Structure formats: structure tokens, C-alpha cells
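An overview of the molecular structure
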Amino acid sequence: MAWRRLAAAAALLSLGLVAGPPASAQAGKAAARVSAASAAGTSAAAGAAVYAERFRTVCAACHGADGRSDMAGTPVLAGQHSLYAITQLFLFREGRRNNEAMVALAKQMKDADLRGFSDYIGTLPPVPAPAPAAPPDAARMSQGQALAREHKCVFCHGADLAGGQGVPRIGGQKEDYVLGTLQGFKSGTRPGYTRAMTEALSQVPEKDLPLLAYFVANSTGK
Ligand code: HEC
Ligand code: HEC
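All chains use their own residue numbering, which begins from 1 and follows the written sequence. Just so you know, chain letters begin at A and ligand numbers begin at 1, following the order they were written in. With the structure being a predicted model, the display of local features is reserved for residues of pLDDT at least 70 and the display and counting of side-chain atom pairs for 80 or more, all residues being used for whole-chain, interface and lining totals.

1. Concerning the overall build of the protein chain
Within the protein chain one finds 11 helices and 0 strands. Exposed residues have 12 or fewer other C-beta atoms within 10 Å of their own C-beta, buried residues have 20 or more, and residues in between are partly exposed; the C-beta atoms are placed from the backbone. Taken across its 222 residues, the protein chain has 35% of its residues classed as buried. What counts as a contact is two residues whose backbone-derived C-beta atoms lie within 7 Å of each other. The contacts of the protein chain with a sequence gap of at least 6 include a subset with a gap of at least 24, amounting to 75%. Helix and strand labels come from DSSP, where a helix needs a run of H or I of at least four residues and a strand needs a run of E of at least two; each type is numbered from the N terminus.

This is the structure we're talking about:
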């Protein structure tokens with residue numbers, strides 16, 4: 001069971017808790033609706049419909065109804081894997097991944113809510129990025145691809161960058177968000193669920209992160 005693996009691995013997380021700043025008004029209101037969802041207490045089948053509805057009323061404001069919004073810094077959830085999603089909700093809830101809104105929301109979630117929301121996210125089909133005004137720069141794309149091969153990004157995330165299970169889909173993820181996460185893993189502000197990314201980035205010079213982010217964000221995959 002994914003959940004059991006998660007609980008076991010949680011015990012291995014050795015970094016201290018990071019307290020989040022007070023929640024914004026928007027996150028606060030959304031948090032109240034999340035706890036209403038957990039109070040509902042439903043069977044698995046009815047639960048799926050409940051979380052689809054909660055996603056629409058709580059999460060879609062930032063992440064978009066289909067899992068892709070154009071709100072800056074907000075990751076695409078469409079096409080993301082449920083096991084990856086649950087680990088991240090867990091990290092937010094424990095204060096081990098820092099974002100004001102997400103920590104405030106996740107702190108209201110019971111285990112069943114983590115599972116319900118992440119199962120729902122796992123059903124969202126990938127949504128391609130809107131067509132850019134100009135095609136991506138071919139030279140930067142091939143330099144980025146060379147870096148992704150050299151640093152084995154494709155080894156874990158797949159040649160199509162679609163990930164799987166606990167490894168996130170990153171192809172087509174938003175460039176500003178990807179760059180921020182890479183910097184966070186490298187600097188230690190996002191410790192990760194495992195040390196996979198910290199180690200993967202240990203040999204990557206800081207100056208190469210923008211090129212990697214550019215390549216990842218502009219890779220449509222298959
Ligand atoms: C106020 C805006 C906002 C709302 C509402 C919101 N999110 Fe988020 N979410 C974010 C932002 C911003 C991030 C990225 C945080 C960071 O930079 O680490 C995020 C990250 C995530 C991630 C991690 C994605 C990844 O690729 O690592 C998941 C999963 C997630 N949110 C699920 C949800 C769910 C489920 C809800 C509804 C219960 C929700 N979010 C509501 C803004 C929001
Ligand atoms: C050993 C396997 C492995 C390698 C190599 C690897 N990754 Fe990851 N990556 C992961 C895992 C696992 C996560 C989930 C992070 C966590 O919470 O622990 C992740 C997370 C990420 C994220 C965050 C996605 C999100 O939605 O927040 C990005 C971006 C990323 N990786 C890009 C890269 C890039 C670029 C490289 C090459 C420099 C790379 N990865 C190499 C396994 C790997």
C-alpha cells in the first residue's frame with residue numbers, strides 16, 4: 001500500500017519541522033472548506049465524487065479546474081501521479097515543504113483527505129501548455145536536453161519526462177515553477193521526500209538550472 005510506504009518513509013525524514021507563516025485570507029477560507037470535506041466521511045465510491053467536487057471548489061481557484069492554471073508559481077497538477085501528489089500533500093501537512101497556502105490547506109487534511117485529493121489528481125489527464133507565441137529556441141532546447149542526459153534527469157523522470165508513481169511528471173510543467181523547485185532542492189529549502197533530487201542536483205552548477213527549467217517546461221513529451 002502506498003500509504004504504508006509513505007508512513008514508513010516519513011519516519012526516515014530527519015529534517016526539523018519548518019513552521020509556515022500565518023495563512024492568507026484566501027487560503028484560510030479554502031481551509032475551512034477542506035475540513036468540511038473531511039467531516040463528510042463517506043464510502044470510497046461516494047468519496048471520489050466528493051473529492052472531485054472539493055477540488056472544483058477549493059483547489060481549482062489556483063490550480064485550474066482541469067489542473068492547469070496560468071497563475072504564476074502554481075504547478076500544473078494535470079497528469080500528475082497520485083503517489084507523488086500524496087507525498088507532497090503529506091510534506092506540506094508536516095511543514096516539511098514550505099508554501100503558505102498549501103501548508104494551511106494540508107494542515108486541515110486528515111489522512112483520508114490526502115488520499116482522496118491525490119487519487120483525484122491522479123485521474124486528471126495531462127493538459128498541454130498553451131501554444132507559445134514563438135516556438136522554443138532550438139539551440140537552448142538541445143543544450144538543455146544534453147544537460148538532462150548528462151545529469152540523468154531522464155533516467156528517473158523518463159525520456160518523455162512523464163515520470164511515474166513517486167516520480168513527478170515534469171515535461172510541460174511551468175518554467176517559473178520548475179526553476180523555483182530546482183533552486184529549492186539545490187539550496188535545501190525544499191528537502192524533498194527522498195534525497196533523490198538533492199543528490200541529482202549536487203553536480204549541477206547553479207548557472208545551468210535556468211537552461212534545465214527551460215528545457216523541461218518546453219518539453220511536451222508524448
Ligand atoms: C492559494 C492557491 C492554492 C490553492 C487554493 C491550492 N494550491 Fe496547491 N499549490 C499552490 C502553489 C503555489 C503550489 C506550489 C508551492 C511551492 O512552490 O512549493 C502548490 C502545490 C501543490 C501540490 C504539489 C505539486 C507539485 O508538483 O509538487 C499539490 C499536490 C497541490 N498543490 C494540491 C492542491 C490541492 C489538492 C488543493 C485543494 C485542496 C490545492 N493544492 C489548493 C497553490 C494553491
Ligand atoms: C534518482 C532519481 C531522480 C533523478 C536523477 C532526478 N530526479 Fe527529479 N525528482 C525525483 C523525485 C523522486 C522527485 C520528487 C521529489 C521529492 O519530493 O522527493 C523529483 C522532483 C523533481 C521536480 C519537482 C517537480 C514538481 O512538480 O515539484 C523537478 C522539477 C525535477 N525533479 C527535475 C529534475 C531534473 C531537471 C533532473 C536532472 C538534473 C532530475 N529531476 C533528476 C527523482 C529524480
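There is more to say, and it comes next.
2. Points about unusual backbone geometry
Backbone geometry places K152, a non-glycine residue, at a positive phi of 65°. By the element assignment, K152 lies in the loop between α7 (138-150) and α8 (153-157).

3. Structural notes on the nonpolar core
Among buried residues, those of type Ala, Val, Leu, Ile, Met, Phe, Trp, Tyr and Cys that are joined through C-beta atoms within 7 Å form a set called a nonpolar core. F55, L89, F92, A106, L114, F117 and I121 are the most contacted members of the largest nonpolar core, which has 25 residues in total. Elements represented by at least two residues in this core include exactly α3 (44-63), α4 (82-93), α5 (100-107) and α6 (111-123). Examining the composition of this core, we find that 7 residues originate from one element, α4, more than from any other. The contact partners of I121, leaving out residues within four places of it in the chain, are L77, Q80, S82 and A85. I170, V178, L201 and L212 belong to the second largest nonpolar core, which has 15 residues in total.

4. Notes on the site of ligand 1
Near ligand 1, the surroundings consist of 25 residues, among which C59, C62, N99, A101 and F117 are the closest. Elements represented by at least two residues in the shell around ligand 1 include exactly α2 (25-40), α3, α4 and α5. Sorting elements by how many residues they give to the shell around ligand 1 places α3 first, with 5 residues. Residue classes follow a fixed rule: Ala, Val, Leu, Ile, Met, Phe, Trp, Tyr, Cys and Pro count as nonpolar, while Asp, Glu, Lys and Arg count as charged, and any other residue, Gly among them, counts as polar. Along the lines of polarity and charge, the residues of the shell around ligand 1 split into 16 nonpolar, 8 polar and 1 charged. Any residue whose C-beta atom, as placed from the backbone, lies within 6 Å of a molecule or strand is termed near it.

5. Let's talk about the packing of helix α9 (residues 175-187) against helix α11 (residues 209-217)
Note on method: axes are straight lines fitted to C-alpha atoms, helices fitted across the in-contact stretch only, with angles between N-to-C directions ranging 0 to 180 degrees. Where α9 contacts α11, the axes come no closer than 8 Å and their chain directions differ by 135°. In terms of orientation, α9 and α11 fall into the oblique class. Between α9 and α11 the crossing geometry is right-handed. Residues E175, V178, L179, L182, Q183 and K186 of α9 pack against L209, P210, L212, A213, Y214, V216 and A217 of α11. A per-class count over the contact of α9 with α11 returns 10 nonpolar, 1 polar and 2 charged. By definition in this entry, angles of less than 35 degrees are roughly parallel, angles greater than 145 are roughly antiparallel, angles of 65 to 115 are roughly perpendicular, and the rest are oblique. When the near helix sits turned anticlockwise from the far one by under a right angle, the crossing is termed left-handed; a clockwise turn instead gives a right-handed crossing.

6. Comments concerning the site of ligand 2
Near ligand 2, the surroundings consist of 27 residues, among which C153, C156, G192, Y193 and A200 are the closest. Taken together, the elements giving at least two residues each to the shell around ligand 2 come down to α8, α9, α10 (196-202) and α11. By residue class, the composition of the shell around ligand 2 is 18 nonpolar, 8 polar and 1 charged.

7. Regarding the confidence of the model for the protein chain
The quantity known as pLDDT measures the predictor's confidence residue by residue, on a range of 0 to 100. Here the protein chain averages 85 in pLDDT, while 80% of its residues score no lower than 70. A low-confidence stretch, residues 1-25 (pLDDT under 50), is modelled with 29 contacts involving residues beyond four sequence positions or located in other chains.

8. Topic: α9
One fewer than the residue count of a helix, multiplied by 1.5 Å, yields its expected span. If you check α9, its first and last C-alpha atoms are 18 Å apart, about what 13 residues at 1.5 Å a residue would give, namely 18 Å. Residues V178, T181, L182 and F185 constitute the buried set of α9. Angular distribution of buried residues about the axis of α9 spans 100°; they occupy a single face of the element. Packed against the buried residues of α9 are α10 and α11. One or two positions beyond α9, positive phi appears at G188, with a value near 95°. Note: the arc covers the axis-to-C-beta directions of the helix.

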